[in-house]
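Topology and contacts: notes
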Amino acid sequence: MKNSIEKLVLAGVALLAAGISPNLYVAAQAGYAKLSVLAINLLLPSIVVLLGVLLIATIREHHSLASQIWRGIVGGFLGTIGLEIVRHTGFVLGGMPGEMPKLMGVLLLDRFALGPNWLSNLAGWGYHFWNGAAFGVVLSVLIGKSKLWVYVVFALLIGVGFMVSPATTALGVGVFGLQFNGGFAATVLLAHVAFGLILGWYLNRTSQSLPSIIQRIRNITQLGAHS
Amino acid sequence: MEHIQRSFTILIILMLGTLGIGNTVHAQNSGLVTVRSGQEYDQTVESLRQMVSKNDMMVMSEINQGKILSMTGLHLKATSLFIGNPTIGNKLFSADRGVGVAVPVRVNIYEAKDGHTYVSYVKPSQQLAPFSNEQITKIGQQLDQNLNNLTAMLAK
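Residues numbered from 1 in each chain as written. Chains lettered and ligands numbered in written order. Predicted model: local features only at pLDDT ≥ 70, side-chain atom pairs only at ≥ 80, totals over all residues. Heavy atoms only, no water.

In this structure, A:Tyr25, A:Leu35, A:Leu50, A:Ile69 and A:Tyr127 are the most contacted members of the largest nonpolar core, which totals 46 residues. Counting residues per element, the ones that place at least two in this core are helix H1 (2-29), helix H2 (35-59), helix H3 (63-92), helix H4 (100-108), helix H5 (118-143), helix H6 (148-164) and helix H8 (182-206) of chain A. When residues of this core are assigned to their parent elements, the largest contribution, nine residues, is made by H1(A). The contacts of A:Leu50, once residues within four sequence positions are left out, are A:Ala14, A:Ala17, A:Ala18, A:Ile69, A:Trp130 and A:Val137. Counting residues in hydrophobic clusters, the runner-up holds 29 residues, among them B:Leu48, B:Met51, B:Leu92 and B:Leu147. (Core = buried A, V, L, I, M, F, W, Y, C linked by side-chain atoms within 4.5 Å. Buried < 20%, exposed > 50% of the residue type's maximum accessible area, 1.4 Å probe, protein only. Helix = DSSP H or I, 4+ residues; strand = E, 2+ residues; numbered from the N terminus. Contact = heavy atoms within 4.5 Å.)

Right under this line is the structure:
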């Protein structure tokens, strides 16, 4: 019982820590603070916390949780490669208004006025891929092992959230990028389908079972009823 | 009739002459001054920085418009330098706190489609004119002169 509660708490902390990174870019574009400031005050601590949870879960032999976090990171990273192939193709074909990872990089290093360089590009791509890994952890911990379409639906929700958030509207393309062209929404949705498919495929292929957060809560309530 | 045509032709030639066929491309009533540089883009930016310094001013900030736009897939060479100095700033802001809309002065350097590099700015006197303040007007005219000197050196 105590062991299950500990796992649930750690899973909750992992969810919170992983959820921070993708929201920072949105918060910055909404004008709450500069991304460079948020990166130091929230992004770096959230990465430390997430890796800390992974370490504790490993030491405390909570293998299923450690596996969920680790596989979420790897699956999210792989999913982002798929997302990037679609996004970059969309950009080349005129479906996207700009190179978002490069934009993230100049905002992260607070050098928008000077434009991108190799270091800001590295930072931007790193942040972009970490966001993918963070979403991988969120979906892995939240829904565990599930059918492929479940990951795709969640990934599409992320894409829709992106398109109605300041992350999109701050680009001057309107909600869903409708003021830009139809290619924007198509690119974003297809890119997130690719992300969901790859993440889901990876989690299903590499894991026997990964409990969802609901299953973890249910386990505790059942154990509580039996004791 | 022939006399009228000849007079008209002379008038056109005189008008073209006053517009200038030199390196100053535009200097209309809008206050926009555009000067063709005698150097390549990168050299022009570098030279301007050095000349700003030699003329008792400094580059307070800059925007690399070309690099920023490269993120949208548009590739061009364009930089805006914001130039001024603390003494001028002190005098202007002492006269009117609202002058920040016009200073530091923005100078734009860009490579046009014709392959030439141009330096352009809106005359500070024009930007400062709405303040209707004698001291500000005087400084604006002085800044016009400074910028004219700077860009004239680039045009050589």
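This part covers the packing of aromatic side chains. All chains considered together, the criterion is met by two aromatic pairs over all chains. With a centroid separation of 4.9 Å and 45° between ring planes, the pair formed by A:Phe77 and A:Phe129 is classed as tilted. One end of the pair, A:Phe77, is in helix H3; the other, A:Phe129, is in helix H5, and 52 residues separate them in sequence. For the ring pair B:Tyr110 and B:Tyr118, a centre distance of 5.7 Å and an interplane angle of 25° mean the geometry is stacked. The partly exposed category is assigned to B:Tyr110, whose relative accessible area is 25%. On the accessibility criterion, B:Tyr118 (9% relative accessible area) is buried. (Phe/Tyr/Trp six-rings, centres within 6.5 Å; stacked < 30°, edge-to-face > 60°.)

This part is about the interface of chain A and chain B. Contact residues are listed per partner, giving twelve residues for chain A and nine residues for chain B. Interface area for chain A against chain B, summed over the two sides, is near 800 Å², with a carbon-plus-sulfur share of 66%. Among the residues chain A hides against chain B, the three largest losses belong to A:Ala113, A:Leu114 and A:Pro116. Together they make up 49% of the total. Linking chain A to chain B there are zero salt bridges. At the junction of chain A with chain B, the criterion picks out two residue pairs in polar contact (both at pLDDT 80 or more). Sort the elements by how many residues they give to the side of chain A that touches chain B and H4(A) lands first, with three residues. Looking at side-chain class alone, the side of chain A that touches chain B contains eight nonpolar, two polar and two charged residues. (Buried area = accessible area lost by both parts, 1.4 Å probe. Salt bridge = Lys/Arg side-chain N within 4 Å of Asp/Glu carboxyl O. Polar contact = N/O pair within 3.5 Å; in protein donor to acceptor, adjacent residues only side chain to side chain. Nonpolar A, V, L, I, M, F, W, Y, C, P; charged D, E, K, R; others polar.)

On to the pairing of strand S4 (residues 78-84) of chain B. Strand residues, when the strand is regular, have side chains that alternate between the two faces of the sheet. All names here are of chain B. Burial within S4 is extensive, with seven of its seven residues counted as buried. In S4, alternate side chains face the same way, and those of Ala78, Ser80, Phe82 and Gly84 on one face and Thr79, Leu81 and Ile83 on the other are all buried. With five bridges connecting them, strand S3 (residues 58-63) and S4 associate as antiparallel partners. Bridging from a neighbouring strand, Ile63 pairs with Ser80 of S4. Looking at chain direction, S4 and strand S5 (residues 105-111) are connected through six bridges and run antiparallel. By the bridge assignment, Ile83 is partnered in S5 with Val105. (Pairing = 2+ DSSP bridges.)

What follows deals with the side chain of A:Ser4. Residue and element names in this part refer to chain A. Mapped onto the elements, Ser4 comes out in helix H1. The exposure class assigned to Ser4 is buried, which follows from its relative accessible area of 19%. Beyond its immediate sequence surroundings of up to four residues, Ser4 is in contact with Ile220 and Leu223.

Here the focus is the environment of A:Leu156. All names here are of chain A. Relative to the elements of secondary structure, Leu156 occurs in helix H6. Considering only alpha carbons, one finds Leu156 and Arg205, 49 residues apart in sequence, at a separation of 21 Å. Here Leu156 is in contact with Leu189, His192 and Val193, once residues within four sequence places are set aside.

Everything listed here is a matter of geometry and, on its own, says nothing about what the molecule does.
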